[in-house]
Amino acid sequence: MPRKGHIKKRPPVPDIRFNSPAASRFISSLMKGGKRSLAEKIFYGALDAAAEKLGVEPAEVFEKAMSNVSPQIEVRPRRVGGATYQVPVEVTPERGVQLSIRWIVTYARAKKGMPMSERLMRELMDAYKNEGASIKRREDTHRMAEANRAFAHYRW
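Values in this document were obtained by computation on a predicted structure and should not be read as measured data.

### Some remarks on the packing of helix α4 (residues 93-110) against helix α6 (residues 133-147)
For step 1, the next point in the chain: Viewed as axis vectors pointing N to C, α4 and α6 meet at an angle of 130 degrees, and their least axial separation amounts to 8 Å. Judged by the inter-axis angle, α4 sits oblique to α6. When the axes of α4 and α6 are compared, the crossing they make is right-handed. Along the contact surface, α4 presents Trp103, Ile104 and Tyr107, while α6 presents Ala133, Ser134, Arg137, Arg138 and Thr141.

This is the structure in structure tokens:
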């Protein structure tokens, strides 16, 4: 049965330290099994270590890493007359933040052989410097959208 009415988007709760909703969402994505305090410890530890190595503020490391990883355009599948086309569409700022969080956490988890805070620190530092796996993922997404630019007229 379809839903009735529109669901109101609740405003995200900002985190304790930076008063940033994006940081709060990052901690939630990092969390496993409801262990928020552990996720916070990993996140803030990684940011502090990265900031110390880069010589800048932890909040600045986070903001710049997130903006560097966030894609401007992506492809969405669209069925037209029995064929499925990959149609390039612009990414909303909210979705851009969510994708960058997902990619950074995924690639940090993929690195093995060291504590999670160190893996996350390295991924954040790479993203801050515009290099690393999550930046490569953004570039691949942009490349895919560029290659499928011919189908842009199917945009909805």
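Read on, since the account is not over.
### Notes on helix α5 (residues 116-128)
For step 1, the next point in the chain: Along its 13 residues, α5 runs 18 Å from first to last C-alpha, staying within 8% of the 18 Å computed at 1.5 Å per residue.
For step 2, the next point in the chain: Every buried residue belonging to α5 is among Met116, Arg119, Leu120, Met121, Glu123, Leu124, Met125, Ala127 and Tyr128, and all of these are buried.
For step 3, the next point in the chain: Of the surrounding secondary structure, the elements contacted by the buried residues of α5 are α1 (21-30), α2 (36-54), α3 (58-69), α4 and α6.
For step 4, the next point in the chain: Downstream of α5 by a residue or two, Asn130 has a phi angle that is positive, lying close to 65 degrees.

### Let's talk about the environment of Tyr85
For step 1, the next point in the chain: By the element assignment, Tyr85 lies in strand β2 (residues 83-90).
For step 2, the next point in the chain: Residues Tyr85 and Val75 lie 10 residues apart in sequence; the distance between their C-alpha atoms is 9.1 Å.
For step 3, the next point in the chain: Contact partners of Tyr85, with chain neighbours within four places excluded, come to Arg76, Pro77, Arg78, Val80, Phe151 and Tyr154.

### Some details on the pattern of salt bridges
Between side chains of opposite charge, a pair can form when the charged atoms approach closely.
For step 1, the next point in the chain: Tallied over the full model, the rule gives 10 salt bridges.
For step 2, the next point in the chain: Of the charged contacts, one joins Lys136 and Asp140 as a salt bridge, the two residues approaching to 3.4 Å between their closest N and O atoms. Remark: Asp140 and Lys136 occur in helix α6; sequence separation between them is 4 residues, near one turn of the helix.
For step 3, the next point in the chain: We classify Asp140 as partly exposed; its relative accessible area is 29%.

### Some words on the nonpolar core
For step 1, the next point in the chain: Counting residues in hydrophobic clusters, the biggest one holds 33 residues, and the most contacted among them are Phe26, Leu30, Phe43, Phe62, Ile104 and Leu120.
For step 2, the next point in the chain: Elements that contribute at least two residues to this core include exactly α1, α2, α3, α4 and α5.
For step 3, the next point in the chain: In terms of residue count, α2 provides more of this core than any other element does, 8 residues in total.
For step 4, the next point in the chain: Look past the residues within four positions of Phe43 in its chain and what remains in contact with it is Phe18, Ala23, Phe26, Ile27, Leu30, Phe62 and Leu120.

### Considerations on the pairing of β2
For step 1, the next point in the chain: The sheet contact formed by strand β1 (residues 73-80) and β2 spans 8 bridges and is antiparallel. The residue bridging Glu74 from the neighbouring strand is Val89, located in β2.
For step 2, the next point in the chain: Hairpin connection, β1 to β2: the antiparallel pair is bridged by 2 residues, and Gly81 has positive phi, about 55 degrees.

About the thresholds
Residues numbered from 1 in each chain as written. Predicted model: local features only at pLDDT ≥ 70, side-chain atom pairs only at ≥ 80, totals over all residues. Heavy atoms only, no water. Axes fitted to C-alpha atoms, helices over the stretch in contact; angles between N-to-C directions. Helix = DSSP H or I, 4+ residues; strand = E, 2+ residues; numbered from the N terminus. Parallel < 35°, antiparallel > 145°, perpendicular 65-115°, else oblique. Left-handed = near helix turned anticlockwise from the far one by under 90°. Contact = heavy atoms within 4.5 Å. Expected span 1.5 Å × (residues − 1). Buried < 20%, exposed > 50% of the residue type's maximum accessible area, 1.4 Å probe, protein only. Salt bridge = Lys/Arg side-chain N within 4 Å of Asp/Glu carboxyl O. Core = buried A, V, L, I, M, F, W, Y, C linked by side-chain atoms within 4.5 Å. Pairing = 2+ DSSP bridges.

So far we have only geometry, and geometry alone does not tell us how the molecule works.
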